[in-house]
Amino acid sequence: DARMLATVSEAIAGLTRTLGLRGDLQLRPCRSGGNHRVWRCDIDGQSLLAKLYHQPADDPRDRLRAEFDFSQYAWHAGV
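This section reports on the structure supplied with the text.

Parameters at a glance
Residues numbered from 1 in each chain as written. Predicted model: local features only at pLDDT ≥ 70, side-chain atom pairs only at ≥ 80, totals over all residues. Heavy atoms only, no water. Helix = DSSP H or I, 4+ residues; strand = E, 2+ residues; numbered from the N terminus. Contact = heavy atoms within 4.5 Å. Areas by Shrake-Rupley, 256 points an atom, 1.4 Å probe, with all protein chains shown as cover. Lys, Arg positive; Asp, Glu negative; His and termini not counted. Charge placed at Lys NZ, Arg CZ, Asp CG, Glu CD. Expected span 1.5 Å × (residues − 1). Polar contact = N/O pair within 3.5 Å; in protein donor to acceptor, adjacent residues only side chain to side chain. Salt bridge = Lys/Arg side-chain N within 4 Å of Asp/Glu carboxyl O. Pairing = 2+ DSSP bridges. Axes fitted to C-alpha atoms, helices over the stretch in contact; angles between N-to-C directions.

**Describing the overall build of the protein chain**
Scanning the protein chain from N- to C-terminus turns up two helices and three strands. When the helices and strands of the protein chain are listed from N to C terminus, the series reads α-β-β-β-α. With respect to the three principal axes, the spread of C-alpha positions in the protein chain is 35 × 35 × 25 Å. Long-range pairs, those at least 24 residues apart, make up 16% of the contacts in the protein chain between residues at least 6 apart in sequence. For the protein chain, the exposed surface amounts to about 6,400 Å²; the carbon and sulfur share of it is 55%. For the protein chain, the centre of its 11 positive side-chain charges and the centre of its 10 negative side-chain charges are spaced 3 Å apart.

Written out as structure tokens, the structure is:
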């Protein structure tokens, strides 16, 4: 788990740099389901959410796209 956290931390640090955020990155795991991991990321006074999706080799579904499409639907429905 420590190795996964280091890998995730490195990836998130790269993404936050791309967004122009340069402060110390603080990661806190959030309660996660069985097929994904979620972290709260605090940096430069911003709070962000990072989610790592489990992708089995025999399941080609695009989980990120499905979740994004649902969030768009919910937003437009006023939820």
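There is more to say, and it comes next.
**A few points about helix α2 (residues 63–76)**
Between its first and last C-alpha, α2 extends 20 Å over 14 residues, near the 20 Å set by a 1.5 Å rise per residue. Looking at where α2 begins, the residue whose side-chain oxygen comes 3.3 Å from the main-chain nitrogen of L64 is D62. Immediately beyond the C-terminal end of α2, within one or two residues, lies G78, with a positive phi of roughly 85°.

**Remarks on the pattern of salt bridges**
All chains considered together, the criterion is met by six salt bridges. Taking the shortest distance from any N to any O, the salt bridge between R63 and D59 comes out at 2.7 Å. The partner of R65 in a salt bridge is D69, and the shortest N-O contact between them spans 3.3 Å. With a gap of four residues between them, R65 and D69 both fall in helix α2, about one helical turn apart.

**With respect to the pairing of strand β2 (residues 36–43)**
As defined by bridge partners, strand β1 (residues 26–29) adjoins β2 across four bridges and the pair is classed as antiparallel. Note on β2: the bridge partner recorded for Q26 is D42. Note: β2 against strand β3 (residues 46–53), eight bridges, orientation antiparallel. Its bridge partner being in β3, D42 is matched across the sheet by S47. Hairpin geometry of β2 and β3 is characterised by an intervening segment of two residues between the two adjacent antiparallel strands and by a positive phi of about 50° at D44.

**Concerning the sheet that holds β1**
With respect to topology, three strands assemble into an open sheet ordered β1-β2-β3, the strand pairing being antiparallel. Each edge of the open sheet carries a strand with a single partner, namely β1 and β3. Strand after strand, the sheet turns through a mean of 25° between neighbouring axes, direction not considered.

These figures capture arrangement, not role.
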